Amino acid sequence: MLSHGTTGFAAYATSHVEATEVALNEASTAGVRALIGQVLMDVHAPSSLICDTNLLIEQSARLLESWSPANAVCGDGCRVSTIISPRFALCSSMDLMTDAAALAKNSNAFIQTHLAEMRTECEQVVKMYEVEDYLTVYERAGILGEHTLLGHGVWLSDDEVARLSAYRSVITHCPLANSFLSSGTMNRERLRDVGVRLYLGSESGAGYERSRVRVARAMIEAGFKAGSRAP
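These numbers come from a predicted model, not from an experiment. (Residues numbered from 1 in each chain as written. Predicted model: local features only at pLDDT ≥ 70, side-chain atom pairs only at ≥ 80, totals over all residues. Heavy atoms only, no water.)

Student: Quick rundown of the sheet that holds strand β9 (residues 197–200)? Include the residues and the values.
Tutor: If you trace the four strands from one edge of the open sheet to the other, you get β6-β7-β8-β9, paired in parallel fashion. Two strands in the sheet have a free side with no partner beyond their single neighbour: β6 (111–115) and β9. Averaged over all adjacent pairs, the angle separating strand axes in this sheet is 30°, with direction ignored. As defined by bridge partners, β6 adjoins strand β7 (residues 148–152) across five bridges and the pair is classed as parallel. By the bridge assignment, I111 is partnered in β7 with T148. (Pairing = 2+ DSSP bridges. Helix = DSSP H or I, 4+ residues; strand = E, 2+ residues; numbered from the N terminus. Axes fitted to C-alpha atoms, helices over the stretch in contact; angles between N-to-C directions.)

Student: Residue-level account of the packing of aromatic side chains, with values.
Tutor: The full count for this structure, using the stated rule, is one aromatic pair. Centroid distance Y134 to Y138: 5.6 Å. Interplanar angle 45°. Geometry classified as tilted. Separated by four residues within a single helix, Y134 and Y138 lie in helix α5 (residues 134–141), roughly one turn from each other. For the pair shown, Y134 and Y138 are each scored as buried. Sitting above the plane of the F88 ring, R87 keeps its charged end 5.0 Å from the centroid. (Phe/Tyr/Trp six-rings, centres within 6.5 Å; stacked < 30°, edge-to-face > 60°. Buried < 20%, exposed > 50% of the residue type's maximum accessible area, 1.4 Å probe, protein only. Lys NZ or Arg CZ within 6 Å of the ring centre and 35° of its normal.)

Right, here's the structure in full:
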């Protein structure tokens, strides 16, 4: 990322706390501004990637204690901290999401997860939690707020978009990943017009591009594509 001019980012590490600590230390050594979080999953994933709900919260709390602006292991002026990172509603139970949101709120920390990347995902979430829409799950868990980053946000209703604007949460737009996975094209203008905050994102697995300039170009192309369709 440094070779492409990126000096600040929010990122998901793996689901293992040891790997997250390594990533935080490496970012600190590199001198970048970084929010890096352990991926929190306790259901519906391979056994090697999930963990006990309470243990995940304990691990996240320890990371926050060590890697927070007020108490960083890298000393005064540290630009690296952890971010609470429940994977998303299908792989993180309501108990885990609720506890993660409370931990983030009590620590004044950032929290990130994924939202409405694919239609099938939205349908599964609505069925699994017996709700009217995807965003309701995160509302009930207490995840939403101005320190919340939500990856993708492709398939959102007008009502969900309006509620996101009221919460001041951020949608992280990942145009290359959405294109690569054929998950859809986010209508950026639709969100921006009602005041939803937008950041630019990529993925090491699906986004494949480390250059923010190229990702930004993909964002513009996606905007033209989305604008060619009726809202």
